[in-house]
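# Results of the structural survey
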Protein chains: 2
Amino acid sequence: MMARDRKWSILLGPVFSAVWLSTLAGAGLSPLGVRDDLHFSLEARGMNIDGSLPIYKDPNADIEDRCAALLWNRSTLSLSSHEVLIFEANFRIQGDIDGWMNMTDPLDDTLTYNQTGLEQMMEYKSGAIWAGYLAPWDKIVYAITVGQQYLMENTTLGIPAIVQSEGLHGFTDNGTTWPSPIGLAASFNAPLLTEAASTISTEAEGLGYSQLFAPVLDLSRELRWGRVEENYGEDPFLTSQMGRAYVTGVQSGRRRNVSSTAIARVAATCKHFTAYGSPQGGLNIAQVSGGQRELHTYYLKPFHYACVDALSIMTAYASYDGIPNVANTHLLTDILRNEWGYQYFVTSDAGSVDLLITLHGVCATRECAAKIALEHGLSGEMGGGTYTYLTLPDQIQNGTVGISYVDETVKTILRTKFSLGLFENPYPYPDYRSTLRTQATRDLLHQMEREAIILLENRNSVLPLSTNISSIALIGPQSDRVSFGDYVFYNASLNGISPLDGFKEFLENSSVQINFAEGCKLWSNDESEFPAAIAAAKKSDVAIVMVGTWSLDQTLLWTPGTNATTGEHVDLSDLDLVGAQFPLVQAIQATGTPTIVVFVSGKPVTNPWIQENVDAVIQQFYPGELGGLAIAEIVFGATNPSGRLPVSFPRSVGTTPVFYNYLKGSRPVSPGEITPNGTLIFGHQVKELLFYYSLNAEPVNA
Amino acid sequence: MMARDRKWSILLGPVFSAVWLSTLAGAGLSPLGVRDDLHFSLEARGMNIDGSLPIYKDPNADIEDRCAALLWNRSTLSLSSHEVLIFEANFRIQGDIDGWMNMTDPLDDTLTYNQTGLEQMMEYKSGAIWAGYLAPWDKIVYAITVGQQYLMENTTLGIPAIVQSEGLHGFTDNGTTWPSPIGLAASFNAPLLTEAASTISTEAEGLGYSQLFAPVLDLSRELRWGRVEENYGEDPFLTSQMGRAYVTGVQSGRRRNVSSTAIARVAATCKHFTAYGSPQGGLNIAQVSGGQRELHTYYLKPFHYACVDALSIMTAYASYDGIPNVANTHLLTDILRNEWGYQYFVTSDAGSVDLLITLHGVCATRECAAKIALEHGLSGEMGGGTYTYLTLPDQIQNGTVGISYVDETVKTILRTKFSLGLFENPYPYPDYRSTLRTQATRDLLHQMEREAIILLENRNSVLPLSTNISSIALIGPQSDRVSFGDYVFYNASLNGISPLDGFKEFLENSSVQINFAEGCKLWSNDESEFPAAIAAAKKSDVAIVMVGTWSLDQTLLWTPGTNATTGEHVDLSDLDLVGAQFPLVQAIQATGTPTIVVFVSGKPVTNPWIQENVDAVIQQFYPGELGGLAIAEIVFGATNPSGRLPVSFPRSVGTTPVFYNYLKGSRPVSPGEITPNGTLIFGHQVKELLFYYSLNAEPVNA
C-alpha cells in the first residue's frame with residue numbers, strides 16, 4: 001500500500017492525531033509491547049483532511065456502503081492507474097509477520113522490528129498477514145501492533161490487515177491444545193465443540209489475531225491419507241454439525257470497541273474447498289475422482305451447512321474431476337458465489353496458485369496462473385509460492401485481465417475486514433493474558449477429553465476397573481507419550497499430560513500399583529524390551545497396552561529424516577500397527593492377564609485380531625492436553641465412555657473404503673466380508689452399562 | 001410373436017412353400033440335425049400372398065427402408081393395438097434355447113425338442129435367443145435350426161432371432177480357447193488379435209450363432225476387482241486398439257447366402273458400457289465414482305474407437321456418478337445415440353434391469369424399471385431377471401410409456417438383424433465341423449501364446465536356458481495345471497496343455513531331465529510337500545517355480561463352496577499370493593539353485609520380494625490351450641519373449657491405483673515409494689537380448 005507521504009487526496013485528519021498523541025502520553029508502550037493507547041474511542045477514527053469522515057471509516061455506515069465507498073475512492077484517487085492496480089493487488093496477497101520481526105527462534109523474545117522490512121511487506125502484501133508462529137506472546141502482540149499501526153497510521157487509506165494463524169484444535173501459539181478434530185468429532189457433541197472453539201478464538205483474539213485456518217470439513221473417506229485426523233470423520237452430516245459448531249464458536253461475538261455492524265470477532269476458515277479428503281491412492285494433494293452426485297451429496301454438504309456465514313473459505317490443493325480447485329469456476333463462482341451467495345474472502349492454500357504451473361500443469365506462466373485463479377473466483381493468494389498475484393497489475397493494465405474481477409475480489413476481502421470490525425480496532429488487547437490458558441478452558445477441555453473416548457470392545461465387562469485391585473501394568477509406546485496429532489507447534493506436547501502421568505494422578509490416593517514398561521518404541525521392530533513388559537503384565541491384575549500411530553509437530557513433520565505414521569503428507573499404504581506394537585499386544589495377551597488395549601491414533605488401526613482377542617479395546621483419537629488423565633478416568637469408571645466412532649474401521653487397507661453411508665448398490669458384499677468377520681462402523685460404541693466412579697456405585701446408563 | 005394361424009394380411013406366399021418342399025425332398029434332416037435344405041437361394045424368400053415381395057424381405061432393399069417397412073407394416077396390420085404391443089415387446093426380450101431343448105446336462109446329445117416350450121418362448125421372447133451352453137455341437141445346431149425355422153416359417157412376419165453366446169477368449173462351446181484378454185493384450189499385437197477373433201467368430205458362425213458377448217473394454221484400473229483378466233489392461237489407447245481389432249475380427253465378412261447389404265457375419269458386443277472396471281472398493285458391480293473428465297478421457301475412449309460399427313453394445317451393471325448405466329440417458333442417448341450416432345442394438349447385462357429395483361433402489365416396481373430403461377436408451381433386456389419389458393405393452397396402451405421410444409428401439413434391433421443378413425439366412429451351416437478347432441487356428445493360437453508372455457526380470461541372463469543342461473525342477477501349483485481364467489465352460493481345461501506337459505513335449509528329443517514336484521496347492525497353507533520340492537530344486541540345474549492366481553469355469557465359479565482368487569465376482573482385498581505359494585518360492589530360492597518364477601495369473605501379483613530376489617521372473621497371464629508349450633519355448637529360448645505389461649504392478653494392494661496414465665498432479669509421490677522401491681509399469685518388458693532357439697545361435701533383438 002502507498003506510504004503516507006504520497007500526496008493523496010484522502011489523509012488521516014488532525015482529530016485522529018490529537019487523540020493518538022493524548023492517549024500515547026498517558027499510556028505509552030507497556031513493558032509487554034501492548035498498546036493500550038490504541039484502543040481509543042470508536043468515533044475518533046480517521047477523517048478526511050477537511051474534517052469529514054470518509055464513509056468507509058464510518059463505523060455506523062452499512063458494510064456494503066463502506067465497501068463501495070472504498071472502491072469508489074480508489075477510482076477517484078489522484079493515482080496513476082498502475083498505482084491503483086498495485087494498491088489492488090495488495091489486497092489479495094498474504095504477507096508475513098517475519099517481514100519485520102525475526103521469527104526463526106521460537107524462544108527469542110526480542111521486541112525489535114525491521115522498519116524497511118515492514119514497509120516492503122506493507123507495500124505489496126498487506127491484505128492478510130500470516131502470524132502463525134510459536135513465539136512469546138509479548139513478542140506476537142508487539143509484532144502485530146507494529147504492523148497494524150503502520151497500516152492504520154502510515155498509509156493513506158488506513159486499511160488494517162487480517163492477521164492469521166492456525167487453530168485446528170487449539171490456538172497454536174501455546175494456547176490450550178484440544179483433541180484432534182477426529183477426537184472432537186467422536187464426542188458427537190456439537191454444543192460442546194462450540195464452547196471449545198470459543199475458547200480457541202478467545203485465546204487468539206486477545207493476541208490480535210483475526211483469522212484462524214479451521215475448521216477442516218474434508219471427509220475421511222480415504223483412510224490412507226495422512227490428514228484423516230484433521231477431519232470430523234467420514235460423514236457429511238456429522239461434519240456439517242461439528243463444522244457449524246466450530247464456526248459459531250470461533251466467530252460469535254464482536255471485537256472490543258468496534259462497529260455494531262461487525263458480525264464476528266475472529267474469522268473461521270472453512271477448508272479445504274472441496275472434496276480434498278478423497279485423494280487418489282490416499283496421496284496427499286492427488287486428484288479427486290467424482291462427479292456432480294458425490295460433489296453435492298457428500299463434499300459440498302458441510303460447506304453449505306457450516307460456512308455460508310464463515311468469513312473465510314480456503315480452497316483445496318487438489319483437482320476435482322480434473323479441474324484444480326484453486327481455479328474452478330464451477331465451485332468458486334457458480335456454486336459458492338452465485339448459488340450460495342457467499343460474500344467473503346476465499347483464500348488459496350499455501351503456494352497452491354503456483355501449483356497450477358508445477359503440479360497441475362494447466363499453466364506455463366505465473367501470469368496464466370494468476371489470471372485463471374482470479375477470474376475463476378479466488379480472492380486471495382496465500383504465501384508459500386511465488387506470489388503470482390503480483391503479476392496482476394500489469395495484466396490489468398494491458399487488458400489481459402478484466403478490472404471487474406478485481407472489483408469483485410476486493411469487495412470480498414473488505415467485507416471480511418469490515419465484518420470483523422478491523423477498521424475500528426485491529427489491535428491486540430492489553431489484557432490478553434487473562435484469556436489465555438484459563439482454568440475455565442481447562443475444565444471445558446477436561447469434559448471434552450472424556451467425551452472423546454470410545455469404548456470399542458468390553459468382554460465380560462472387564463471395564464471399568466475397580467480401584468480396589470492391587471495393580472495395573474501400563475505398557476506400550478503410547479503410555480508415556482503425549483500424542484497430539486498434527487497442527488501443533490514446536491514442543492506443544494510439553495503442555496500435555498501423558499497417560500502414565502494421568503494414571504498416577506488419578507490413582508494418587510488409591511493403593512493401586514502401576515507397573516510401567518514401555519515394551520517397544522512406536523517405530524521400531526526391536527522386541528528386546530518385551531520381557532520386562534511381559535513381567536509387568538504377569539505381576540499385575542490387569543494389563544493396559546497403549547499403542548497406535550503418531551504425528552509430529554509442524555516443524556518436525558516436514559523435517560526430512562523424522563518419522564511419523566500420520567499427519568499432513570504422511571500417507572500410508574498399510575493401516576496396521578507398525579514396528580513391534582502388534583507383537584507386543586499379542587505377547588501381553590498371551591500372559592493370560594486380562595488385557596485392555598488402548599489405540600491412541602489419528603485414524604483407524606487395522607489389526608482386527610486385537611478386537612477379536614483381547615478383553616477390552618478403547619479408541620482414543622489423538623487427545624488434547626488432558627487426554628492422559630481422561631483415559632485413566634475412563635478405565636477406572638470415573639466417567640462413562642460416551643464417544644462414538646466418527647469413522648468406520650476397515651479390516652485392512654484392502655477393504656477400504658468402508659464409510660457407512662455408501663450409495664445403494666455399492667456394497668454387493670461388505671468389504672469386511674472379503675475376509676472373514678465384520679468391521680466397526682461409524683457411530684460404534686459399546687452400549688453396555690458402566691459405572692461412574694462416584695460416591696455411590698449405582699450404574700448410570702450411558 | 002404371433003403364430004401363423006392368426007389371420008394377418010401378410011402371409012408367407014406359395015413361392016416360398018414350393019421351394020421349401022422341393023429342397024426338403026432332396027435333403028431331408030441330416031443325421032447331425034443340420035438342415036442343408038434351408039440354405040436355399042437368396043431370391044426365394046417369403047413373398048406376400050399376392051406374390052409380391054415385402055420390402056423388408058427384399059435382400060436388395062436398403063436396410064433403413066426395410067426397417068421402415070416393417071415398422072409401417074406393423075402399424076397397418078389388422079391387429080388390436082395390444083397385439084401390436086406384444087409383438088413389439090417381443091423384440092426387446094432375450095429368450096433362451098433351453099425353452100425347447102434340455103440343456104442341463106452338457107454331455108446329453110438327445111435331438112428332441114419341446115414344441116410347447118418353443119411356441120411359448122417365441123410368443124414373447126424371440127428378439128434374441130441365448131444359446132450359450134456347453135453341449136454337443138450337433139445338438140446346438142439342431143436346437144438353433146428348430147428355433148429359427150419356427151420363426152421363419154411359422155410366424156407371420158418371419159423375423160429371425162439373434163442367437164447369442166460367449167466368446168471372450170474363444171468360442172465357449174468347445175471352441176478353441178485363447179489366452180484371457182489380459183494375455184491377448186500383453187501381445188500388444190492388434191493385427192494378430194484380429195486374426196484370432198476371426199477364428200472365434202468362424203467357430204460360432206458355423207454353428208448358427210450370430211452374436212458373441214465380447215470384447216470387454218473395461219479398464220483395469222482397480223486391481224482388486226475379479227474381472228481384471230477380462231480386460232485389455234489399464235490403458236484406454238491399448239484397449240481401443242485391441243477392442244477394435246477384436247470387433248473387426250468377429251464381424252468382418254458376411255454370412256453365406258445373405259444380402260449384399262449385410263455388413264457382418266457375427267455381431268460383436270462391446271461391454272460393459274461404461275466405466276465398469278473401477279468399482280468402489282474393487283467390489284464387482286459397485287458404483288463407479290467419476291465425472292465428465294474421466295468419463296471422456298478414460299472410459300468412453302475404447303467404446304468410441306472400437307464400437308460405433310459394432311452391431312451390439314452391452315450396458316454395465318454399475319452406476320456412474322450415481323446413475324445406473326442401464327438407464328443412463330446421458331450415456332445411452334446423449335452420447336451413444338446422438339453424439340456418436342450409434343445405430344444398433346444395446347442390450348442390458350443379465351438381470352440388470354431388475355437391479356434398478358433391488359440393487360440401485362431407483363424403482364419400486366417392474367413397470368418403473370422397464371420404463372426408465374426403455375426411455376433412457378436401452379434396446380433389449382437380457383434374461384436373468386423378471387423380464388420387466390413384458391410390462392411395456394400395458395404401459396404403452398395406458399399411455400405411461402411413449403410409443404416413439406418403442407419405434408426407435410425396434411429399429412435398432414432390426415438394424416442389427418438386417419446388418420447380419422439374418423432375414424435371408426439365420427441357419428447353421430451344414431459343414432460347420434470344418435471350421436471348428438482347425439489346425440490353422442491352432443497354429444495362430446500358438447503364435448499368440450508365445451507373444452503373450454512377458455519377461456519381467458532376468459538377472460545375469462539366466463534366461464534363456466540351454467537344452468544342454470542336465471535337468472530342470474518344475475515346481476509349484478501352476479506347473480501341472482491348465483489355468484484358463486473365467487468365461488470358459490465346464491471342463492474346458494481338458495482341451496489345454498499344462499506346463500508340465502508342455503515342457504515334456506518341448507524337451508522330448510533332448511536329454512534334459514524334468515524333476516517335477518508340486519510343492520503346495522494353490523489354495524492351501526500346507527507346506528508338507530515342501531521337502532520334495534526343495535529336493536527337486538537341489539538336484540536340478542535350475543528351478544522353475546510356477547505360482548499365481550486361479551479362476552474357475554463359469555459353472556464352478558458361481559457354485560458355492562468352490563474357491564478361486566480371480567474371475568467374475570471373486571474380488572480380493574489383498575493381491576499377494578495366497579496359501580503356501582510365497583513361502584514355497586522363498587524356500588526354492590534359498591536352495592541356491594538358480595530360480596525362475598513364472599506367474600500364471602489373471603492380474604498382477606504383489607510379492608515384490610520375488611522380483612527383487614529370484615533370478616528371473618516371467619508373467620504369463622492366463623493362457624489358452626497351448627500356454628503350457630509356449631512357456632517352455634520361452635524358457636528355453638525357442639521364441640523370444642516379446643509381451644509387455646498391459647497393467648502396472650503395484651507393490652501391494654495399499655499402493656493402488658498404479659496405472660501409468662494418471663492425471664498430472666495425482667502422483668505427488670509414486671505409490672510404490674510409500675514403501676521402498678518402485679513398481680513395474682504398463683508396457684514393461686525386459687529388453688535385453690535373448691536367443692532364439694534355432695539353427696544358429698545368433699542373438700536376435702526383441
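Going along each chain's sequence as written, the residues are numbered from 1 onward. Chain labels run from A onward and ligand labels from 1 onward, assigned in the order the entries are written. Confidence filtering applies because this is a predicted model: local features only for residues at pLDDT of at least 70, side-chain atom pairs given and counted only at 80 or more, and all residues used for totals across whole chains, interfaces and linings. Each side-chain value is worked out from all heavy atoms of the structure, with water and hydrogens disregarded.

### Re the overall build of chain A
Per the convention used, a helix needs a DSSP run of H or I reaching at least four residues, while a strand needs a run of E reaching at least two, with both numbered from the N terminus. Looking only at helices and strands, chain A has 21 helices and 17 strands in total. The buried label goes to any residue with under 20% of its type's maximum accessible area, the exposed label to any with over 50%, and the partly exposed label to all in between, with areas taken from a 1.4 Å probe on protein chains only. Buried positions account for 66% of the 702 residues belonging to chain A. Throughout, a contact is declared for two residues whenever any of their heavy atoms are within 4.5 Å. Across chain A, every contact between residues at least 6 apart in sequence was considered, and the portion connecting residues at least 24 apart equals 78%. Residue exposure ignores everything except the shown protein chains as possible cover, and the areas themselves are Shrake-Rupley values with a 1.4 Å probe. For chain A, the exposed area adds up to about 22600 Å²; of that, 52% sits on carbon and sulfur atoms.

### A closer look at the relation of the copies chain B and chain A
To superpose the copies, least squares is applied to the C-alpha atoms of every residue with a pLDDT of at least 70 in both. For the pair chain B and chain A, the relating rotation is 180 degrees, the translation along its axis is 0.1 Å, and the fit reaches an RMSD of 0.0 Å. What we have between these two chains is a two-fold relation. A symmetric contact is evident, with 100% of the interface residues of chain B recurring at the interface of chain A.

### Topic: the UniProt feature "domain: Glycoside hydrolase family 3 N-terminal" (unreviewed entry) in chain A
UniProt positions are given in the numbering used here, feature names are shortened, and annotations may be inferred rather than shown by experiment. Residues annotated in UniProt with the feature "domain: Glycoside hydrolase family 3 N-terminal" (unreviewed entry) correspond here to residues 119-415 of chain A. As annotated, residues 119-415 of chain A has a helix share of 41% and a strand share of 8%, and its two end C-alpha atoms lie 25 Å apart.

### Points about the state of the cysteines
Residue and element names in this part refer to chain A. The criterion for a disulfide is a pair of cysteine sulfur atoms lying within 2.5 Å. Applying the stated rule across the entire model yields four disulfides over all chains. Here C363 pairs with C368 through a disulfide, and the sulfurs are 2.0 Å apart. Its torsion about the S-S bond being -60 degrees, the disulfide of C363 and C368 is classed as left-handed. When its relative accessible area of 7% is taken as the criterion, C363 is described as buried. Cysteine pairing for chain A, with bonded cysteines counted in sequence order: 1-2, 3-4.

### Notes on the sheet that holds strand β14 (residues 595-601) of chain B
Residue and element names in this part refer to chain B. Should DSSP find at least two bridges between two strands, the strands are regarded as paired. Here six strands make up an open sheet; going across it, the order is β10-β15-β14-β13-β11-β12 and the pairing mixed. The open sheet has two edge strands, β10 (454-458) and β12 (513-517), and neither has a second partner. In this sheet, adjacent strand axes meet at a mean angle of 20 degrees when their direction is disregarded. Across four bridges, β10 lies against strand β15 (residues 616-621) in antiparallel orientation. Residue N458 lies in a different strand from β15, and its bridge partner there is A616. Angles here are taken between N-to-C directions and fall from 0 to 180 degrees, while the axes themselves are lines fitted to C-alpha atoms, restricted in helices to the stretch in contact. Lying on the sheet, helix α19 (residues 581-589) is in contact with β11 (471-475), β13 (542-548) and β14; it crosses β13 at an angle near 170 degrees.

### A short note on the interface of chain B and chain A
Contacts between chain B and chain A engage 42 residues on the former and 42 residues on the latter. Defined here as a combined quantity, buried area equals the accessible surface (1.4 Å probe) lost by two parts on assembly, summed across both. The junction of chain B with chain A conceals about 3100 Å² of combined surface from both sides, 54% of it contributed by carbon and sulfur atoms. Salt bridge, as used here, is a side-chain nitrogen of Lys or Arg placed within 4 Å of a carboxyl oxygen of Asp or Glu. Inspection of the chain B/chain A interface yields zero salt bridges. What qualifies as a polar contact is a pair of N or O atoms within 3.5 Å, subject to a donor-acceptor requirement within protein and to the restriction that residues adjacent in sequence count only when both atoms come from side chains. Seen at the junction of chain B and chain A, the total is 19 residue pairs in polar contact (both at pLDDT 80 or more). Broken down by element, the residue count for the side of chain B that touches chain A peaks at three residues, all from helix α9 (residues 292-306) of chain B. In this classification, Asp, Glu, Lys and Arg are treated as charged, Ala, Val, Leu, Ile, Met, Phe, Trp, Tyr, Cys and Pro as nonpolar, and every other residue, Gly included, as polar. Taken together, the residues of the side of chain B that touches chain A sort by class into 14 nonpolar, 21 polar and seven charged.

### A look at the nonpolar core
By convention a nonpolar core is built from buried Ala, Val, Leu, Ile, Met, Phe, Trp, Tyr and Cys residues, the set being connected through side-chain atoms within 4.5 Å. Grouped together as the largest cluster of nonpolar side chains are 332 residues, with contacts concentrated most on W100 of chain A together with W100 of chain B. If near-sequence neighbours (up to four positions away) are discounted, W100 of chain B is found in contact with T112, Y113, N114, G117, L118, M121, M122, I129, A143, V146 and G147 of chain B.

### Some details on empty space enclosed by the protein
Buriedness of a pocket was judged along seven lines, with at least five required to meet protein on both sides within 12 Å; pockets are open sets of points on a 1 Å grid over the protein atoms alone, cavities are sets where a 1.4 Å probe fits but cannot get out, and lining residues have an atom within 4 Å of a point. Grid points are joined across faces, edges and corners, and a volume is the space filled by probe spheres set on the points. Within the structure shown, the criterion is met by 15 cavities of 30 Å³ or more. The space that makes up the largest cavity amounts to roughly 710 Å³. Lining the largest cavity are 35 residues, and of these E222 and S289 of chain A together with E222, Q280 and S289 of chain B lie nearest its centre. At the level of elements, α9 (292-306) of chain A together with α9 of chain B are the ones that each hand at least two residues to the lining of the largest cavity. Each residue belonging to the lining of the largest cavity can be placed in one class, and the counts come to 14 nonpolar, 13 polar and eight charged.

### Here's the deal with the packing of helix α16 (residues 499-506) of chain B against helix α21 (residues 627-635) of chain B
Residue and element names in this part refer to chain B. In the contact formed by α16 and α21, the axes pass within 7 Å of each other and the chain directions differ by 55 degrees. With respect to each other, α16 and α21 are oriented oblique. Two packed elements cross with a definite hand, and for α16 against α21 that hand is right-handed. Between α16 and α21, the contacting residues are P499, G502, F503, E505 and F506 on the first element and G628, L629, I631, A632, E633 and V635 on the second. Residues of the contact of α16 with α21, tallied by class, amount to seven nonpolar, two polar and two charged. Just so you know how the angles are binned, under 35 degrees is roughly parallel, over 145 roughly antiparallel, 65 to 115 roughly perpendicular, and the rest oblique. It is the rotation of the near helix from the far one that decides the hand of a crossing: anticlockwise by less than a right angle makes it left-handed, clockwise makes it right-handed.

### Things to note about the pairing of strand β6 (residues 312-315) of chain A
Residues and elements named next belong to chain A. Neither face of β6 is open: one carries S312 and M314, the other I313 and T315, and all of them are buried. Summarising the sheet, strand β5 (residues 269-273) and β6 pair through three bridges and their orientation is parallel. What sits directly across from C270, in β6, is I313. As judged from the three bridges shared by β6 and strand β9 (residues 345-347), these two strands associate in the parallel manner. Paired with I313 across the two strands is V346, which belongs to β9.

### Observations concerning helix α7 (residues 190-206) of chain A
Residues and elements named next belong to chain A. Expected span of a helix, by definition, is 1.5 Å for each gap between consecutive residues, and there is one gap fewer than residues. With 17 residues, α7 should cover 24 Å at 1.5 Å per step; its first-to-last C-alpha distance of 24 Å lies within 8% of that length. For α7, the buried fraction is high: 12 of the 17 residues fall into the buried class. The complete set of buried residues in α7 reads A190, L192, L193, A196, A197, T199, I200, S201, E203, A204, E205 and G206. Where the residues of α7 are buried, they touch α6 (181-186), β4 (211-212), α8 (236-251) and α15 (439-451). You can read the cap of α7 off the contacts: a side-chain oxygen lies 3.1 Å from the backbone nitrogen of L192, and it is on N189. Backbone geometry just after α7 places G208 at a positive phi near 105 degrees.

### Thoughts on the layout of surface pockets
Residues and elements named next belong to chain A. Approximately 720 Å³ is the volume attributed to the second largest pocket. What lines the second largest pocket is a set of 29 residues, and nearest its centre among them are W130, G132, E166, F489 and Q554. Grouping the amino acids of the lining of the second largest pocket by side-chain chemistry returns 15 nonpolar, eight polar and six charged. Domains are outlined according to an automatic or database domain assignment. When residues of the lining of the second largest pocket are assigned to domains, at least three map to each of domain 1 (55-429) and domain 2 (454-642).

### A word on the pattern of salt bridges
Residues and elements named next belong to chain A. A complete count under the given rule lists 37 salt bridges over all chains for this structure. For the salt bridge of D138 with R433, the shortest nitrogen-to-oxygen distance reads 3.3 Å. Taken together, the positions of D138 in helix α5 (residues 137-154) and R433 in the loop between α14 (403-420) and α15 put the pair 295 residues apart, joining distant regions of the chain. For R433, a relative accessible area of 44% gives the class partly exposed. With a closest N to O distance of 3.8 Å, R293 and E294 form a salt bridge. E294 carries the same exposure label as R293, and that label is buried.

### Description of the domain arrangement of chain A
Residues and elements named next belong to chain A. The domain boundaries assigned to chain A delineate domain 1 (55-429) and domain 2 (454-642). Domain 1 and domain 2 are separated by 37 Å when their C-alpha centres are compared. On the side of domain 2, 26 residues touch domain 1, which itself brings 30 residues to the contact. Buried surface at the junction of domain 1 and domain 2, summed over both partners, amounts to about 2300 Å²; 57% is from carbon and sulfur atoms. When the area that domain 1 buries against domain 2 is broken down by residue, the three leading residues are T177, R224 and E229, summing to 23%. Summed over the shared surface of domain 1 and domain 2, the number is one salt bridge. Between E568 and R227 there is a salt bridge whose closest N-O contact spans 3.1 Å. Where domain 1 touches domain 2, the interface holds 19 residue pairs in polar contact (both at pLDDT 80 or more).

### Some words on the UniProt feature "domain: Glycoside hydrolase family 3 C-terminal" (unreviewed entry) in chain A
Here, the residues flagged by UniProt with the feature "domain: Glycoside hydrolase family 3 C-terminal" (unreviewed entry) are residues 453-664 of chain A. When the span residues 453-664 of chain A is considered, its composition is 21% helix and 17% strand, and the gap between its end C-alpha atoms is 31 Å.

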